[in-house]
Amino acid sequence: MNRNKNRIGIIWLIIGLVLGTSYKLIAQDASMVKIPDGYWRPFFKGTDTLISVSTFYLDKKQVTNEEYEQFVAHHPEWSSEKVKPVFADENYLIHWKNRSESDQRVLSKQPVVNVSWFAARAYCRSLGKRLPTTAEWEYAASAPPIGRSINDSILQEIIANWYSRRIEAGKPVGSIYENSYGLWDMYGQVWEWVLDFDAMKSSDDSRGQDVIPQGLFCGSASMDVVDASDYTGFIRFAFRSSLKGNYTVRNLGFRCAASSAPHP
Amino acid sequence: MSKLIEIIAGIFLLYLTACQQNPAENQAHRHNVQEAHTVSETDELPGNSIYHFDYTWTDSHDQTVQLADFKGRPVVISMIYTHCGYACPMMIQDLKNIASEFDSNQTLPFELVLISFDHIRDTPERLHSYASAQQLSDQWHLLHGNADQIKDMAVALGISFEMSEDGDITHSNRKILLDKNGVVVYTVDGLSTPAIDFAQKIKTI
């Protein structure tokens, strides 16, 4: 009798351990990673400008078509039929139009594109998240691929190769490279919205006409530019500042961030 | 010994039932409760009307306002903050100059809306004393909102801003004319810009 009880107890313990471990995995919200605090040096603001970045959480992967579709199902005002042009232009989710079932299957794991800033923001907000700031994004993206050193030029090569390529058929999220923070495809897949994509349009003082930081322009005082070889950084900034909140672009997606630990 | 194991297993089980949640269910729930804005009875507005942003603001009289409340009249809209020492008073002067192009004995044929960048310091009370100090009439509407809605409006209006740690806000200086339906019809960047051109535009609406 006693032995029987003993055995039941052990079985319960094993069941408990198994369930407990699996629960813990879920509870950690495997979709995000914690990015430790640090500094980001914008390439255009002079060598002594460091922008501090507080600890934050960032989605490991870009938001997929499948995930975005779930969001639209819960928020029909964000369907392409119902969305107002003030929130998203006429090409919003245009790649979803007339797609076959097999297209849909292939697309499902690929990053969602043709979404506006307002739409990306609404998606993140629906999950209690937000878009990352430029500083957060650039800081997180500057980490080298896993197993490579920060001094390695591999990152610049990945980016330069990617930027010079024609837009190709998409790949599933999480298939280009993982960086040392555990983030996938910060470069190499699609561009990503940031919260302050429009920040470059503001001047450093609020006295007069809008002035774009001079260091950005050819022929102007390029002394301000920290690293002239960071041409790819320049391209990102130029691209972002050409956007508007309701624009949608066929190689522009997003991932979400959070300031505090995400809920399970 | 067996008792001890049972107790441990029991506690473990209790902990599990207490904490176990279905993540899918949880997510769906969050989808449902966390909706902020975007749809209301504004369907008759043109698709590009900024009045589709149906956020609730608080004005300097502590009254709640939605931008769509201004529907039916032209609106001159801009963004400022009251701790701004130089650019914002100039912006207000620009707007006053525009207003002075109209008959001062009559109600202005348009409303002036100023959204504050500063959701922390620009409380409705602060906006009220600022409006008094600047001698702004009741046709001026100084609006306080939360950080999210301020950012959305700034992006919608093409006004960029950035808060620095010392409380200064770097921002662009743009005044925008909205037609009776909240559609942007005219935009002027910069300060000390000619009032007469702007007034002419208002008169064409």
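Because the structure is a prediction, the values reported are computed rather than measured.

Draft legend 1. Structural detail: the overall build of chain A. The number of helices and strands found in chain A is 7 helices and 7 strands. Considering chain A as a whole, with its 264 residues, one finds that 48% of them fall into the buried category. Here the analysis covers contacts within chain A between residues at least 6 apart in sequence; of these, 74% occur between residues at least 24 apart. Carbon and sulfur atoms make up 55% of the accessible area of chain A, which totals about 13,300 Å².

Draft legend 2. Examining the sheet that holds strand β4 (residues 56-59) of chain A more closely. Residue and element names in this part refer to chain A. Taken together, the 3 strands give an open sheet; going across it, the order is β1-β4-β7, and neighbouring strands pair in antiparallel fashion. At either end of the open sheet lies a strand with only one pairing partner, and these are β1 (32-35) and β7 (257-258). Two elements, β4 and β7, share 2 bridges in a ladder whose sense is antiparallel. Along β7, the bridge assignment pairs tyrosine 57 with alanine 258. Its contacts with the sheet place helix α5 (residues 134-141) against β1, β4 and β7, and it is angled at close to 70° to β4.

Draft legend 3. Quick look at the state of the cysteines. Taken as a whole and judged by the stated rule, the model has 2 disulfides over all chains. Across a sulfur-sulfur distance of 2.2 Å, Cys124(A) and Cys256(A) are joined as a disulfide pair. Between Cys124(A) and Cys256(A), the disulfide has an S-S torsion of -85° and is therefore left-handed. In this pair, Cys124(A) sits in helix α4 (residues 117-126) while Cys256(A) sits in the loop between β6 (252-253) and β7, placing the two residues 132 residues apart along the sequence. Judged by its relative accessible area of 0%, Cys124(A) is buried. The residue that forms a disulfide with Cys84(B) is Cys88(B), at a sulfur-sulfur distance of 2.4 Å. Between Cys84(B) and Cys88(B) the sulfur-sulfur dihedral comes to about 95°; the bridge is accordingly right-handed.

Draft legend 4. Looking closely at the environment of Asp122(B). All names here are of chain B. Residue position: aspartate 122 is located in the loop between β4 (111-116) and α4 (124-133). Here aspartate 122 falls in the buried class, since its relative accessible area comes to 0%. In this structure, the C-alpha to C-alpha distance between aspartate 122 and leucine 143, residues 21 residues apart in sequence, is 8.8 Å. With sequence-adjacent residues up to four places away left out, aspartate 122 is seen in contact with Tyr81, Thr82, His83, Ser116, Leu127 and His144. Polar side-chain contacts of aspartate 122 include one of 2.6 Å to the side chain of serine 116.

Draft legend 5. Main features of helix α7 (residues 231-241) of chain A. All names here are of chain A. Residues of α7 that are buried: Thr232, Gly233, Arg236, Phe237, Phe239 and Arg240. Down the axis, α7 shows its buried residues gathered within 160° of arc, on one side only. Of the surrounding secondary structure, the elements contacted by the buried residues of α7 are β2 (38-40), α5, α6 (154-163), β5 (191-192) and β6.

Draft legend 6. The arrangement of the environment of Ile120(B) in detail. Residues and elements named next belong to chain B. By the element assignment, isoleucine 120 lies in the loop between β4 and α4. What makes isoleucine 120 exposed here is its relative accessible area of 59%. Between the C-alpha atoms of isoleucine 120 and histidine 144, which are 24 residues apart in sequence, the distance is 9.2 Å.

Draft legend 7. Expanded view of the nonpolar core. Core analysis: the biggest nonpolar cluster contains 112 residues, and Tyr68(A), Tyr187(A), Phe254(A) and Ile50(B) have the highest contact counts within it. Residues in contact with Tyr187(A), not counting those within four places in the same chain, are Trp137(A), Glu138(A), Ala141(A), Leu155(A), Ile158(A), Ile159(A), Trp162(A), Tyr163(A), Ile176(A), Tyr177(A) and Arg236(A).

Draft legend 8. View of the pairing of β4(A). Residue and element names in this part refer to chain A. The two faces of β4 match: Phe56 and Leu58 on one face and Tyr57 and Asp59 on the other face are all buried. Pairing of β1 with β4 involves 4 bridges; the strand directions are antiparallel. Bridge pairing in β4 links isoleucine 35 to phenylalanine 56.

Draft legend 9. Just the side chain of Ser60(B), in detail. Examined against the element boundaries, Ser60(B) turns out to sit in the loop between β1 (57-59) and β2 (64-65). In this structure, Ser60(B) is in contact with Pro124(B), Leu127(B), His128(B) and Leu142(B), ignoring residues within four places of it in sequence.

Draft legend 10. A look at the confidence of the model for chain B. The predicted model of chain B averages 85 in pLDDT, with 79% of residues at 70 or higher. In this model, residues 10-42 of chain B is a region of pLDDT below 50 whose contacts with residues beyond four sequence positions or in other chains number 52 contacts.

Draft legend 11. Local environment of the side chain of Asp59(B). Residue and element names in this part refer to chain B. With respect to the element layout, aspartate 59 can be found in strand β1. In this structure aspartate 59 is buried but unpaired, with arginine 73 as the nearest side chain of opposite charge at 14 Å. Setting aside residues no more than four positions away along its own chain, aspartate 59 makes contact with Val65, Pro124, Leu142 and Leu143.

Draft legend 12. A look at the sheet that holds strand β9 (residues 184-189) of chain B. All names here are of chain B. Reading across the sheet, the 7 strands line up as β2-β1-β5-β4-β3-β8-β9 and stay open at both edges, with mixed pairing between neighbours. With one partner strand each, in any of the chains shown, β2 and β9 form the two edges of the open sheet. Inspection of the sheet shows β1 paired to strand β5 (residues 140-144) by 2 bridges, in the antiparallel sense. By the bridge assignment, aspartate 59 is partnered in β5 with leucine 143. Against the sheet, α4 engages β1, β3 (75-80), β4 and β5, with an angle of about 155° to β5. Along the sheet face, helix α6 (residues 195-204) touches β3, β8 (174-178) and β9 and points at about 20° away from the line of β8.

Cut-off values and rules
- Residues numbered from 1 in each chain as written.
- Chains lettered and ligands numbered in written order.
- Predicted model: local features only at pLDDT ≥ 70, side-chain atom pairs only at ≥ 80, totals over all residues.
- Heavy atoms only, no water.
- Helix = DSSP H or I, 4+ residues; strand = E, 2+ residues; numbered from the N terminus.
- Buried < 20%, exposed > 50% of the residue type's maximum accessible area, 1.4 Å probe, protein only.
- Contact = heavy atoms within 4.5 Å.
- Areas by Shrake-Rupley, 256 points an atom, 1.4 Å probe, with all protein chains shown as cover.
- Pairing = 2+ DSSP bridges.
- Axes fitted to C-alpha atoms, helices over the stretch in contact; angles between N-to-C directions.
- Disulfide = S-S within 2.5 Å.
- Polar contact = N/O pair within 3.5 Å; in protein donor to acceptor, adjacent residues only side chain to side chain.
- Arc of directions from axis to C-beta.
- Core = buried A, V, L, I, M, F, W, Y, C linked by side-chain atoms within 4.5 Å.
- pLDDT = per-residue confidence, 0-100.
- Lys, Arg positive; Asp, Glu negative; His and termini not counted.
- Salt bridge = Lys/Arg side-chain N within 4 Å of Asp/Glu carboxyl O.

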